[in-house]
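# Residue-level structure breakdown
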Amino acid sequence: MKKYTKKITKALIKSAILALVIIKAFDTDIKVREYSINTDKVKKRKKFVLITDLHSGLYGSTQSELIERINEIAPDAVLFGGDIVESFEEDRGGRLLFEAIGRKYRCFYVTGNHEYRSRRVNEIKEMIRGYGVNVLEGNGIALDDEITVWGTDDPCCRFKEYGAYDNWYRQFFKCSSEADKSKYNILLSHRPERTDDYENSKFDLVLCGHAHGGQWRIPFLLNGLYAPNQGLFPKYAGGKYKLGSVDMIVSRGLKMSFLPRIFNPPEIVVVNIDSNIK
């Protein structure tokens, strides 16, 4: 009887552990991932929220969950890193978000490849501008006397009618050449794989998305299985990376689809930029 009880107990413990692992693996609750950067170029701390790869998704029937999270963080600015609008679906998820926060916070947006794939990228940009959001197209806007936010369109070369591939290089080098190195310069760019360009630029921080966290992860072993434009075992699936003197942060994004995210919950990124001077 004791031997039988021990077997049952062990089986129950193993089942409970397995259930917890499965729950954790397929967790779809939004996580807030926070990064901190110190620099001599700022005197007062600034907090940024980075939103990427929403793909018109909804968190709550009226986007309430996502909006509440942003309001709880209360950032100095919200940065949209592309693929906010899905190319094959209605814009409702994006519209609800922009309507709620577009005029409440300083907001900056760049396109992703899906805005181009929709073949109505200009219409989407105008819609977003209508909510008070700054659409960056190879230009920068000063947040204050210390920080400038720059942005480039996505180089979605599949649709040559928009000249997107050439536009990205033209916009990127224009931004880099115009950046004032005495200021803290943030580049908002959808693609994380263009590290050679970022590393040799005048930017202090590059913020990206696109990789979706590599979709499937194994904690402490595999940071991502596959990412667009990087392929299997992507180097830049999500996290903070050092590219020479440039910091790059890649968001794992918010997209949920028929393909499950494993050990890779959707995320909002918070970036705190603080002074080195104490």
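Structure report, in brief. In every chain, residue numbers begin from 1 and rise along the written sequence. The predicted nature of this model means local features are confined to residues of pLDDT at least 70 and side-chain atom pairs, given and counted, to a pLDDT of 80 or more, with totals for whole chains, interfaces and linings taken over all residues. Calculation of side-chain values draws on the structure's entire complement of heavy atoms; hydrogens and water are dropped beforehand.

A few words now on the pairing of strand E9 (residues 205-208). Along E9, one buried face is formed by Leu 205 and Leu 207 and the opposite face, lined by Val 206 and Cys 208, is buried too. The sheet contact formed by E9 and strand E13 (residues 246-250) spans 4 bridges and is parallel. Among the inter-strand pairings, Leu 205 is bridged to a residue of E13, identified as Asp 247. Think of it in three bands: with a 1.4 Å probe and only protein chains considered, a residue is buried below 20% of the maximum accessible area for its type, exposed above 50%, and partly exposed in between. The way it works is that DSSP assigns letters per residue, a run of H or I at least four long becomes a helix, a run of E at least two long becomes a strand, and they are numbered from the N terminus. Strands were regarded as paired on the criterion that DSSP finds at least two bridges between them.

Within the open sheet, the 6 strands sit side by side as E6-E7-E8-E9-E13-E12. Their pairing is mixed. Each of the sheet's edge strands pairs with one partner strand only, and the pair in question is strand E6 (139-142) and strand E12 (239-243). Between one strand axis and the next, the sheet turns through 20 degrees on average, direction left out of account. With 5 bridges joining them, E12 and E13 adopt antiparallel strand pairing. Its bridge partner lying in E13, Lys 242 is registered against Asp 247. Axis geometry follows a simple rule: fit a line to the C-alpha atoms, using only the stretch in contact for helices, then measure angles between N-to-C directions, giving values from 0 to 180 degrees.

Our next topic: the environment of Pro 266. Its location among the elements puts Pro 266 in the loop between E13 and strand E14 (267-275). Accessibility expressed as a relative area gives 0% for Pro 266, which makes it buried. C-alpha of Pro 266 to C-alpha of Ser 251: the two residues are 15 residues apart in sequence and 9.2 Å apart in space. Sequence-distant contacts of Pro 266, defined by excluding residues within four places in its chain, comprise Asp 27, Thr 28, Asp 29, Ile 30, Lys 31, Tyr 59, Gly 253, Leu 254, Met 256 and Arg 261. Should any heavy atoms of two residues lie within 4.5 Å, those residues are counted as being in contact.

Time to look at helix H3 (residues 92-101). Within H3, the full set of buried residues consists of Gly 93, Gly 94, Leu 96, Leu 97, Phe 98 and Ile 101. Each element contacted by the buried residues of H3 is listed here: strand E2 (46-51), helix H2 (64-73), strand E3 (77-80), strand E4 (106-109) and helix H5 (121-129).

With their axes 10 Å apart at the nearest point, H2 and H3 run at an angle of 30 degrees to one another. With respect to H3, the element H2 is oriented roughly parallel. Remark: the crossing between H2 and H3 carries right-handed chirality. Two secondary-structure elements touch here, H2 through Leu 66, Ile 67 and Ile 70 and H3 through Leu 96, Leu 97, Ala 100 and Ile 101. Following the grouping adopted for this structure description, the nonpolar residues are Ala, Val, Leu, Ile, Met, Phe, Trp, Tyr, Cys and Pro, the charged ones are Asp, Glu, Lys and Arg, and the polar ones are all others, Gly among them. Counted by class, the contact of H2 with H3 contains 7 nonpolar, no polar and no charged residues. Each angle is binned into one of four classes, with values under 35 degrees roughly parallel, values over 145 roughly antiparallel, values of 65 to 115 roughly perpendicular, and all other values oblique. Crossing handedness is defined as follows: a turn of the near helix away from the far one that is anticlockwise and smaller than a right angle gives a left-handed crossing, while the clockwise case is right-handed.

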